[in-house]
Amino acid sequence: MSQAAVAKRAADPRHGEVVLSARNVVKTYGGVHALKGVNFDIRRGSVTTLFGENGAGKSTLMKILSGVTTPTSGEIRLDGAPVSFASSTEARDQGISIIHQELSLAPNLSVRDNIFMGREIRTATGVDFAEEARQAKALMEELEEEIDPMTPVEDLRLGQQQIVEIARSLSVDARILIMDEPTSALSASEVEVLFKVIRDLTARGVAIVYISHHLEEALQITDHAVVLRDGNITATAEAKDIDLEWIVRNMVGENFDLGSPPTGYEFGATALAVENVSVHDAAGSGYDVVDRLSLDVKTGEIVCIYGLMGAGRTELLEAVAGRVPLANGRVVLHGEDVSKLSIAQRIAAGLVLVPEDRQRDGLVQTMTVGRNLSLASIEAFAKSLFLSRSREKALIDDSIRKVHVKTAGSEVPIGSLSGGNQQKVVIGKMLTTNPSVILLDEPSRGIDVGAKAEVFRLLSERARQGLAVIFSTSEVSECLSIAHRIVVMRRGRIVAQFGSNVSKEEIMAASGEAVVA
Amino acid sequence: MSNNSSALAAPASSKKAGGFDLAYLLLEGRAFFALIAIIVVFSFLSPNYFTVSNFLTMANHVAIFGLLAVGMLLVILNGGIDLSVGSTLGLAGVVAGALMQGVTIAPLGVVLYPPVWVVAVLACALGGLVGLLNGVLIARFKVPAFVATLGVMYMARGVALLMTNGLTYNNLGGRAELGNTGFDALGFDRLFGVPTGVVVLVVVAVIASLVLNRTAFGRWLYASGGNERAAELSGVPVKGVQISVYVISGICAAIAGLILSSQLTSAGPTAGTTYELTAIAAVVIGGAALTGGRGTIRGTMLGAFVIGFLSDGLVIIGISSYWQTVFTGAVIVLAVLLNAVQYRRRVKAPQPSAGSTPSLPNAGAKAAA
């Protein structure tokens, strides 16, 4: 925080005053109680972090506070007076702004147009594009991001898109800003910038609500910590009085860790060998996002690929799975060259991918939980021409049990599940095909610690049974969980390989990330 | 009836626990209730409406739109659109008409008169070919479905006009000594009193329903329409599915073309103009989403009957054809509005009560009308 900011904060007589609060808020969806009488305060000039597992009700509470939905009972008070918002626009007019976990940008429009979408600066003759561009540029400078306001959003990396989303909220002069997982797609340096922006905002008296699964990160920025579990607030504390262990204990109600590499067995033969693989940049820039990379994984082995955004992890995994063509090299599965096979043929051969973006690439939103789970293994329950309902049901039930999907049944829409459970469905879908090699691209993105631990436990069990696992991550602590071997990628190449006894600092140094002290 | 596809979660009898949710029932079964309302209203307005003969006549008309709508549903489930079906219908009719007049093989100096079943097969093959052209343009060359099928719509119509020089084949009866009689059967014969066209529609609809609900192809279609990228990564042959739906749509259009020219005892090059829009309307009234992934054969059949029974009813009570157009348009707009309401409800209120109903989807009983 700058000196001036500190001075301003100290001088603000209303600092710490409750501006927005929820009183006995209950929200039910059908028979499901998402919130069971929650009291929650947001204070002026402070960061209040809401911790909780997926499905704990965090997003529901934020949606209520920002006017996206209304509570079933209970009330919302703004500056002490009860309010009810008919829409998020109404809430925004009262100074409450929300940045959603799933980005809400128009990819075809420029950064400028996205920032001013719906609030264009009008003049008598139309829109003042020059002024919009100037303000957009100023916002980008404030966020220390070198993005030309005229760049179409679809040309930006996911992390940069997140920055644009943040810029949009800043531009409306919100006095209460809700950030739902703002850092999930940001690199370490981008997170630093965001934190600086947050500190500036609080110094100006803005109240911030912060939600993140990066607990360490959240702990750095927060003033007040509130823990939500199963629709109830289970703990509140000042940030200075708590530590990581306290948060985790209150979130899950028990001590746990992300696991350790499964031991007590020998790896088998090489299951997958990636040989000298290159992948051209999809945007046609002419350089290779994966550059003559070689990697292999043995039966029963778990390999973690660590790298910053843009290191080429996603492109590598998509190329191996057959989604993106290889520019060079080959992919060998159990001694057979599969480089020329289609995705379907690779799945049949035992090589599957769990994609990074489950909404875009993982799930069919119009189908039920069960049908999403069975989608990749239709052949397994097809009897000659027709599908066997009983066999499909057995397959789905088995899958739900094995990957521990919390669902009201296999016939509910996939959208009714929490993020972590949706991710389990995507993983379960691919595991149901009985693969011998599974690739997972950021399997923990946007899911809570509990679900994360479950996913890792599942993978390590399967590895013990002979599954070869490659997963990518941008969280160092995840590398140090179940992986036998950690591979660090940087600019399309492998720059370092470690055993499971490496330190966080070594991994981060190899990836080119500034070591956070 | 509820508009549930088995791709949608809500089980048919998904009532709120203990309560009878009338609004929900009306919304889910809107196409069915609309059909009932149409029949009741017109029966009051005209004594001729509620008669067996009138229903058979109307069903005969519905058969044409219904066949087009079945093909259109598959295309729309895939997230596409097929504007070429009306023209394909016309072209198939004209080709059938031409074949009935005999094919002159100049070098041999003979005229071949193919039997009617050969004519039918060739016309269907032609429809499939037009569909293949659509499918390849869309799946392989990434032409947007709207534009690709718009172009093919013009081309097919143009070819039909060229073939006949704008004239109509009026003699489709064939001659006994040439062994090519029987074309009239498609339009005029009855099976247990039901016109052939209606029988064909029922058969096609039942097959399509089975394909959608019981086969891997059906599952692939719902999946790739709902999220093509996710389907592809799950090993679904999305391109193959995409091409197939246009081929099927083309074949359905050709069958409709054969039946229509038989009903009219003539094959004209302008037959079926704007029928593609009626087919789309039937699919939409039936509750399918133009964004893909949602829709059922049963809904589409109800949609086809709503449109057919409404427009024939307006004719019977003597309302001007201009007003008929207005009414039909209003029904379509209303249907789209209700679709939007229905899908919004579904997003807002997921069905946590699914466990309370037996979870076997009732697709077996889902065969069309």
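Chain B has the name ABC transporter permease in an unreviewed UniProt entry, where Mesorhizobium liriopis is given as its organism. Its UniProt record gives chain B a comment under Subcellular location (unreviewed entry), which states: "Cell membrane".

By the naming in an unreviewed UniProt entry, chain A goes by Sugar ABC transporter ATP-binding protein and is assigned to Mesorhizobium liriopis. The UniProt entry for chain A carries this comment under Sequence similarities (unreviewed entry): "Belongs to the ABC transporter superfamily."

Counting secondary structure elements, chain B contains 14 helices and four strands. Put simply, chain B has 369 residues, and 53% of those count as buried. If you sum the accessible surface of chain B, you get close to 15400 Å²; carbon and sulfur atoms cover 71% of it.

Residue and element names in this part refer to chain A. What the rule picks out here adds up to 24 salt bridges over all chains. The closest approach of N and O atoms between Arg 175 and Asp 79, which form a salt bridge, is 2.9 Å. Placement of the pair is Arg 175 in the loop between α6 (158-171) and β9 (176-180) and Asp 79 in the loop between β4 (73-78) and β5 (81-83), with a sequence separation of 96 residues. Arg 175 gets classed as partly exposed once you look at its relative accessible area, which sits at 30%.

All names here are of chain A. The four strands lie next to each other as β14-β13-β16-β17, forming an open sheet whose pairing is antiparallel. Of all strands in the sheet, those bounded by a partner on one side alone are β14 (288-298) and β17 (336-337). As paired strands, strand β13 (residues 270-280) and strand β16 (residues 328-333) are joined by five bridges and run antiparallel to one another. Within the sheet, the bridge partner assigned to Ala 273 lies in β16 and is Val 332. Those strands touched by helix α10 (residues 313-321) are β13, β14 and β16, and its axis lies near 115° from that of β13.

Time to look at the packing of aromatic side chains. Note on aromatic pairs: each is described by the distance of the centres and the angle between the planes. Residues and elements named next belong to chain B. Taken as a whole, this structure holds 11 aromatic pairs over all chains when the rule is applied. With 6.1 Å between their ring centres and 75° between their planes, Tyr 49 and Phe 55 make a pair best called edge-to-face. Residue Tyr 49 is classed as buried on the basis of its relative accessible area of 1%. Each residue in the set Phe 42, Tyr 49, Phe 50, Phe 55, Phe 305 and Phe 309 is aromatic and connected to the rest through ring pairs, giving one cluster.

Once that is clear, we can look at helix α2 (residues 30-45) of chain B. Its 16 residues give α2 of chain B an end-to-end C-alpha distance of 22 Å, which sits within 8% of 22 Å, the value for a rise of 1.5 Å per residue. Among the residues of α2 of chain B, those classed as buried are Arg 30, Ala 31, Leu 35, Ile 38, Ile 39 and Phe 42 of chain B.

This part takes up unusual backbone geometry. All names here are of chain A. Positive phi outside glycine occurs at Asn 24, with the angle close to 50°. Considering the arrangement of structural elements, one finds Asn 24 in strand β1 (residues 18-29). For His 404, which is not glycine, the phi torsion reads 55° and is therefore positive. Among the secondary structure elements, His 404 is positioned in the loop between α14 (389-402) and α15 (419-431). On the accessibility criterion, His 404 (43% relative accessible area) is partly exposed.

Residue and element names in this part refer to chain B. As a packed pair, helix α4 (residues 85-100) and helix α6 (residues 145-164) sit with axes 8 Å apart at the nearest point and diverge in direction by 25°. The orientation of α4 relative to α6 falls into the category roughly parallel. For the pair α4 and α6, the sense of crossing is left-handed. Here Gly 86, Ser 87, Thr 88, Gly 90, Leu 91, Val 94, Val 95 and Ala 98 of α4 come into contact with α6, specifically with Met 153, Ala 156, Arg 157, Val 159, Ala 160, Met 163 and Thr 164.

A separate point is the nonpolar core. Residues Phe 183, Leu 212, Leu 221, Ile 297 and Phe 309 of chain B are the most contacted members of the largest nonpolar core, which totals 97 residues. Of all the elements, helix α3 (residues 52-77) of chain B adds the most residues to this core, at 14 residues. If we skip the residues at most four places from it in the chain, Leu 221 of chain B touches Leu 74, Leu 77, Asn 78, Leu 212, Val 241 and Val 245 of chain B. With 79 residues, the next largest nonpolar core counts Ala 271, Val 279, Val 331 and Val 425 of chain A among its residues.

With that settled, the discussion passes to a nonpolar patch on the surface. Residues and elements named next belong to chain B. A cluster of nonpolar side chains, namely Leu 22, Leu 25, Leu 26, Phe 32, Phe 33, Ile 36, Val 40, Val 41, Phe 44 and Leu 45, defines an oily patch on the protein surface of about 910 Å² accessible area. When contributions to the nonpolar patch are tallied by element, the ones reaching two or more residues are α1 (22-28) and α2. For the nonpolar patch, the element with the highest residue contribution is α2, accounting for seven residues. Relative to the helices and strands, Leu 45 is located in helix α2. Of the residues examined, Leu 45 reaches a relative accessible area of 53% and is grouped as exposed.

All names here are of chain A. Taken in spatial order, the six strands line up as β18-β21-β22-β15-β23-β24 in an open sheet, and their pairing is mixed. Edge positions in the sheet fall to β18 (351-354) and β24 (493-499), since each has one partner strand and no second. Shown here is a sheet whose adjacent strand axes are inclined to one another by a mean of 20°, direction ignored. Here five bridges tie strand β21 (residues 437-441) to strand β22 (residues 468-473), and the two strands are oriented parallel to one another. Residue pairing in the sheet places Val 437 in a bridge with Ala 468 of β22. Against the sheet, helix α18 (residues 504-511) contacts β15 (302-306), β23 (485-490) and β24, and its axis sits at roughly 30° relative to β23.

How each quantity is defined
- Residues numbered from 1 in each chain as written.
- Chains lettered and ligands numbered in written order.
- Predicted model: local features only at pLDDT ≥ 70, side-chain atom pairs only at ≥ 80, totals over all residues.
- Heavy atoms only, no water.
- UniProt positions renumbered as here; feature names shortened; annotations may be inferred.
- Helix = DSSP H or I, 4+ residues; strand = E, 2+ residues; numbered from the N terminus.
- Buried < 20%, exposed > 50% of the residue type's maximum accessible area, 1.4 Å probe, protein only.
- Areas by Shrake-Rupley, 256 points an atom, 1.4 Å probe, with all protein chains shown as cover.
- Salt bridge = Lys/Arg side-chain N within 4 Å of Asp/Glu carboxyl O.
- Pairing = 2+ DSSP bridges.
- Contact = heavy atoms within 4.5 Å.
- Axes fitted to C-alpha atoms, helices over the stretch in contact; angles between N-to-C directions.
- Phe/Tyr/Trp six-rings, centres within 6.5 Å; stacked < 30°, edge-to-face > 60°.
- Expected span 1.5 Å × (residues − 1).
- Parallel < 35°, antiparallel > 145°, perpendicular 65-115°, else oblique.
- Left-handed = near helix turned anticlockwise from the far one by under 90°.
- Core = buried A, V, L, I, M, F, W, Y, C linked by side-chain atoms within 4.5 Å.
- Patch = residues over 30% accessible without salt bridge, like charges linked within 9 Å, V, L, I, M, F, W, Y side chains within 5 Å.

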